[in-house]
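Single-letter residue listing:
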Amino acid sequence: MTPGLHAADLRRIFHRLDRNGDGLLSIDELGWLLDRIGSSLHFTSDELESSVGKSALDFDEFLAFCRSIEGDGGESAAAVERDLEEAFRVFDLNGDGLITSEELQKVLSRLGLWDETTGKDCRRMISPYDSNLDGALDLEEFKNMMLQTTPSSASA
């Protein structure tokens, strides 16, 4: 689910999802997130609650949950590859095989993860991974971004 996301990124996501500001994510909010990101994990609310063992998660529990499902060796390379390709298709809105900064911003906005006043410029977010300097990410560049590898470290 979260290859390449750091605790600070997950904290921002947590606060965006915690709409009532009580410091807890309900099972419904967690399920909404899993549905929106196109996760291969599909749970009913009851199954999700049974899986996490409670009806709401604080940030530390949310962080542990995210880390537990992000492919920490339990997922095969093929499953990770499939998940990344699925995620790429979510962001490639026009289906041209590239993710532009505009597409990235639209998807982040749709997910409620983009704030015009505090959000980073999407061009700056993708530029370290745009190895061919075309201003967009192809699938391989997207994988590098999600796995936090740069073209030079990916080929090493």
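This one's a predicted model, so the numbers in the text were calculated from it and none came from an experiment. (Residues numbered from 1 in each chain as written. Predicted model: local features only at pLDDT ≥ 70, side-chain atom pairs only at ≥ 80, totals over all residues. Heavy atoms only, no water.)

Trainee: What am I meant to see in the environment of L139 here?
Mentor: Examined against the element boundaries, L139 turns out to sit in helix 8 (residues 139–146). Taking relative accessible area as the criterion, L139 reaches 23% and is therefore assigned partly exposed. Separated by 40 residues in the primary sequence, L139 and I99 place their C-alpha atoms 8.4 Å from one another. When near neighbours in sequence (up to four residues on either side) are disregarded, L139 contacts L84, E85, F88 and G97. (Helix = DSSP H or I, 4+ residues; strand = E, 2+ residues; numbered from the N terminus. Buried < 20%, exposed > 50% of the residue type's maximum accessible area, 1.4 Å probe, protein only. Contact = heavy atoms within 4.5 Å.)

Trainee: Explain unusual backbone geometry to me, please; I cannot follow it from the model alone.
Mentor: Outside of glycine, negative phi angles account for most residues, and trans bonds account for most peptide bonds. Residues other than glycine seldom take positive phi values, yet L133 does so here, at roughly 55°. Secondary-structure assignment places L133 in the loop between helix 7 (122–126) and strand 4 (136–137).

Trainee: Quick question: what am I supposed to make of the pattern of salt bridges here?
Mentor: When charged atoms on two side chains of opposite charge get close, those side chains can pair. One pass over the full model with this rule turns up 2 salt bridges. With a shortest N-O distance of 2.5 Å, K54 and E61 are connected by a salt bridge. A residue is classified by how much of its surface remains accessible, and E61, at 26% relative accessible area, is partly exposed. The partner of K143 in a salt bridge is E140, with the nearest N and O atoms 3.1 Å apart. Placement of both K143 and E140 in helix 8 is noted, with a separation of 3 residues, approximately one turn of the helix. Take K143: its relative accessible area is 8%, and that puts it in the buried class. (Salt bridge = Lys/Arg side-chain N within 4 Å of Asp/Glu carboxyl O.)

Trainee: Whenever I open this one, helix 1 (residues 7–17) confuses me. Can you help?
Mentor: Note on helix geometry: an α-helix contains 3.6 residues per turn, so any two residues three or four positions apart are oriented the same way. Those residues of helix 1 that sit buried are D9, L10, I13, F14 and L17. Projected onto a plane normal to the axis of helix 1, the buried residues spread over an arc of 140° and lie on a single side. (Arc of directions from axis to C-beta.)

Trainee: Would you mind showing me how to read the packing of aromatic side chains here?
Mentor: The way to describe two aromatic rings as a pair is by their centre distance and the angle between their planes. Under the criterion given, the structure shown has 4 aromatic pairs. Taking 5.6 Å as the distance between ring centres and 50° as the angle between the ring planes, the aromatic pair formed by F14 and F62 counts as tilted. Remark: F62 occurs in helix 4 (residues 59–69) and F14 occurs in helix 1; sequence separation between them is 48 residues. For the pair F14 and F62, one class covers both residues: buried. Taking 5.5 Å as the distance between ring centres and 65° as the angle between the ring planes, the aromatic pair formed by F88 and F142 counts as edge-to-face. Pair noted here: F88 is in helix 5 (residues 77–91) and F142 is in helix 8, with a separation of 54 residues, a long-range link. Joined through ring pairs, the aromatic side chains of F14, F59 and F62 make up one cluster. Between R11 and the ring centre of F59, over which it is positioned, the NZ or CZ distance is 3.9 Å. (Phe/Tyr/Trp six-rings, centres within 6.5 Å; stacked < 30°, edge-to-face > 60°. Lys NZ or Arg CZ within 6 Å of the ring centre and 35° of its normal.)

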